[in-house]
Amino acid sequence: MLKVDSICCVRQDRCLFEDLSFELHQGQIVQLEGQNGAGKTSLLRILAGFVRAESGKVMWQGVDIAKDNLQFACDTLYIGHKTGVNGQLTALENLAFWLETHGLETRQDLLDVLAQLGLVGLEDVPVRLLSAGQQRRVALARLWLNKAKLWMLDEPFTAVDKKGVVLLQQQFKKHLAQGGAIILTSHQDLTEHFPELSRLVLEYRF
Amino acid sequence: MKTHDSYWRLFSSIYKKDLTLAFRQRSEIINPVLFFIIVITLFPLGVGPEPNLLARMAPGIIWVAALLSTMLGLDKMFRDDYVDGTLEQMMLSPFPTSLTVLAKIAAHWTVTGLPLVLMTPMFALLLNLESEALTATLLTLLIGTPLLSLIGAIGAALTVGLQKGGVLLSLLVLPLYIPVLIFATSAIDAGAMSLDYSGQLAILGALLAGASVLAPFAVSSSLKVSVS
């Protein structure tokens, strides 16, 4: 589905990686690893289309993502370090807003999703009053609500407790079983067993 | 998914969200309005309460105050969304970013521009502005303040990624406000002398039409640069 063709990324006159090529197929999960500053987030941002690579191409279903944005935008879900959750709004408002701005149906079972994530009773509290892990859970609730095929997750487990990590990985499995693909960065090893897991290690370069 | 309806739904949902946020942090609404009131009430104290002098200066005072108070809220227009990552999410949505931007500009105008228009009759009284000139002032503000929001949004989008973008923002945006100021005050002057000012209004209207079509594209491109 996703094909990365010899991309290269330069940051502050330092080449983070060059001539990087890989492919991502249905049902596959890739874990990006590497030291701090190795370029994991930069790679994800290139894949999401925020930054253009210095050279090389990123293809989605055979089309360059710089050319056909619409199909790519419909098929991907990106959750970065900045989660896109507004602290002044409540969890419910945040999710409803996200659904509306992504052209998805406003769902009636938002409360059930929040309940699954252990946010019951907190749905009408402004998100800034919640703990860091709970705020992250509000952002990650999108994993239950989207129709995207490719998930790009930057450190999804940050601040999430052990039970939450297991819950997320179960959702990953469900997504992979439905023919989706996942690319994520994480310093933690995945605790569940994924048969289709591959690792991509970025070396820190000087 | 790409129907007329869903575009409208996107627009209204962003517009509603921005208004909700503005009403939750009321200082955002009150601050520009209060600034407008203070500047205008200080002028008679500064230059003396001579009615003819005030009436002569009123268009300039009202317009400069409107211009500066619009500037106050500009910096905030995309800042919060940039900091919490909402901007990134909006760019990855299947909808055109220019539509998102237009909704945000509309919300900005509703919060900062519209209250100024509504309060102007009161200040006209304070500054001894005659009813002929008041009509002209209201009309120019009604056409001009959305224009200020549209032009200002370009500057706000360009500087949103900077740590201290405030000074640069003023430098970028204020020169672009000058044509609006010139035509608006000239319309009010003509109105005060009971002359026809439809020409100036037509130019402001043309500027508004041009800006509302072109500015969203400029803003969305600038945002893409700021996010990358």
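Predicted model, so just to flag it, every value in this text is computed and none were measured. (Residues numbered from 1 in each chain as written. Chains lettered and ligands numbered in written order. Predicted model: local features only at pLDDT ≥ 70, side-chain atom pairs only at ≥ 80, totals over all residues.)

Caption draft 1: Main features of the overall build of chain B. Along chain B, the regular secondary structure elements total nine helices and zero strands. Listing each helix as α and each strand as β along chain B from the N terminus yields α-α-α-α-α-α-α-α-α. The globule rule puts the C-alpha radius of gyration for 228 residues at 17 Å, and the 18 Å found for chain B is close to it. The principal-axis extent of the C-alpha atoms belonging to chain B is close to 60 × 35 × 30 Å. (Helix = DSSP H or I, 4+ residues; strand = E, 2+ residues; numbered from the N terminus. Rg over C-alpha atoms; globule rule 2.2 N^0.38 Å.)

Caption draft 2: Main features of the overall build of chain A. Of regular secondary structure, chain A possesses six helices and nine strands. The C-alpha atoms of chain A give 17 Å as radius of gyration, which agrees with the globular expectation for 206 residues (17 Å, within 12%). Burial statistics for chain A: of 206 residues in total, 38% are counted as buried. Contacts in chain A between residues at least 24 apart in sequence constitute 70% of all its contacts with a sequence separation of at least 6. (Buried ≥ 20, exposed ≤ 12 C-beta atoms within 10 Å, placed from the backbone. Contact = placed C-beta atoms within 7 Å.)

Caption draft 3: Quick look at the environment of Gly84(A). Mapping Gly84(A) onto the fold places it in the loop between β6 (76-79) and α3 (91-101). Given 22 C-beta atoms within 10 Å, Gly84(A) falls into the buried group. As for Gly84(A) and Asp64(A), which are separated by 20 residues in sequence, their C-alpha atoms are 26 Å apart. Not counting residues up to four positions away in its chain, the partners in contact with Gly84(A) are Ala139(A), Asp84(B), Gly85(B), Thr86(B), Glu88(B) and Gln89(B).

Caption draft 4: Molecular detail of the interface of chain B and chain A. Opposite the 22 residues of chain B that make contact, chain A presents 22 residues. Listing elements by their share of the side of chain B that touches chain A, those giving two or more residues are α1 (4-24) and α5 (86-91) of chain B. When its residues are assigned to classes, the side of chain B that touches chain A shows nine nonpolar, eight polar and five charged. (Nonpolar A, V, L, I, M, F, W, Y, C, P; charged D, E, K, R; others polar.)

Caption draft 5: The arrangement of the pairing of strand β1 (residues 2-11) of chain A in detail. All names here are of chain A. Pairing of β1 with strand β2 (residues 14-24) involves seven bridges; the strand directions are antiparallel. Note on β2: the bridge partner recorded for Ile 7 is Leu 20. Where β1 folds back onto β2 in an antiparallel hairpin, the turn is made up of two residues, including Gln 12, whose phi is positive at roughly 45°. The pairing of β1 with strand β4 (residues 55-60) spans five bridges and is antiparallel. Each residue of the ladder has a partner; that of Asp 5, found in β4, is Lys 57. (Pairing = 2+ DSSP bridges.)

Caption draft 6: A look at the sheet that holds β4(A). All names here are of chain A. On the basis of which strands lie adjacent, the open sheet formed by four strands has the order β2-β1-β4-β5 and antiparallel pairing. In this open sheet, the two edge strands, each paired with only one partner strand, are β2 and β5 (63-64). In the packing of helix α1 (residues 40-48) onto the sheet, contacts are made with β1, β2 and β4, and the angle to β1 comes to roughly 125°. (Axes fitted to C-alpha atoms, helices over the stretch in contact; angles between N-to-C directions.)

Caption draft 7: Just the nonpolar core, in detail. Met152(A), Ile182(A), Ile151(B), Ala153(B) and Ala157(B) are the most contacted members of the largest nonpolar core, which has 123 residues in total. Counting residues per element, this core draws most heavily on helix α7 (residues 131-159) of chain B, at 15 residues. Ignoring anything within four residues of it in the chain, the contact list for Ile151(B) reads Val173(B), Leu176(B), Tyr177(B), Ala211(B) and Ala215(B). (Core = buried A, V, L, I, M, F, W, Y, C linked by C-beta atoms within 7 Å.)

Caption draft 8: Here's a closer look at unusual backbone geometry. Residues and elements named next belong to chain A. For Asp 19, which is not a glycine, the phi torsion comes out positive at approximately 55°. C-beta crowding within 10 Å serves as the criterion here: with 10 such atoms nearby, Asp 19 is assigned to the exposed category. Positive phi values are uncommon outside glycine, yet Ala 159 reaches one of about 70°. Positionally, Ala 159 belongs in the loop between β7 (150-154) and α6 (162-177).

Caption draft 9: Focus on the pairing of strand β8 (residues 181-185) of chain A. Residue and element names in this part refer to chain A. Of all five residues that make up β8, five are buried, and the element is covered over most of its length. Side-chain alternation along β8 places Ala 181, Ile 183 and Thr 185 on one buried face and Ile 182 and Leu 184 on a second face that is also buried. Alignment of strand β3 (residues 29-34) against β8, held across four bridges, turns out to be parallel. Directly across from Gln 31, in β8, lies its bridge partner Leu 184. Bridging between β7 and β8 involves five bridges; their strand directions are parallel. Of the residues in β8, the one forming a bridge with Asp 154 is Thr 185. Between β7 and its parallel partner β8, the chain crosses via α6, and the hand of that crossover is right-handed. (Right-handed = clockwise from strand over helix to strand, strands pointing away.)

Caption draft 10: A look at the packing of helix α3 (residues 51-74) of chain B against helix α8 (residues 166-192) of chain B. All names here are of chain B. Between α3 and α8, whose axes approach to 10 Å, the crossing angle comes to 150°. As the angle between them shows, α3 and α8 are arranged roughly antiparallel. Where α3 crosses over α8, the handedness of that crossing is right-handed. Contacts between α3 and α8 involve Pro 59, Gly 60, Trp 63, Leu 67, Met 71 and Leu 74 from the former and Leu 169, Ser 170, Val 173, Tyr 177, Leu 181, Ala 184, Thr 185, Ile 188 and Asp 189 from the latter. For the contact of α3 with α8, the residue count by class is 11 nonpolar, three polar and one charged. (Parallel < 35°, antiparallel > 145°, perpendicular 65-115°, else oblique. Left-handed = near helix turned anticlockwise from the far one by under 90°.)

Caption draft 11: Representation of helix α9 (residues 198-227) of chain B. All names here are of chain B. For α9, spanning 30 residues, the distance from its first C-alpha to its last is 42 Å, which sits close to the expected 44 Å at 1.5 Å a residue. Along its length, α9 reaches its greatest deviation from straightness, about 35°, at Leu 214, and the proline Pro 216 lies no more than four positions downstream. Within the sequence span of α9, burial applies to Gln 200, Leu 201, Leu 204, Ala 211, Ala 215, Pro 216, Val 219, Ser 220, Ser 222, Leu 223 and Val 227. As for α9, its buried residues are in contact with α4 (76-84), α5, α6 (97-126), α7 and α8. (Expected span 1.5 Å × (residues − 1). Bend = angle between axes of the 7 residues up to and from the residue.)

Caption draft 12: Structural detail: the environment of Gly118(A). Looking at the element boundaries, Gly118(A) is found in the loop between α4 (110-116) and α5 (132-140). The class of Gly118(A) is partly exposed, set by 15 C-beta atoms lying within 10 Å.

Any functional reading would require information beyond the geometric quantities listed.
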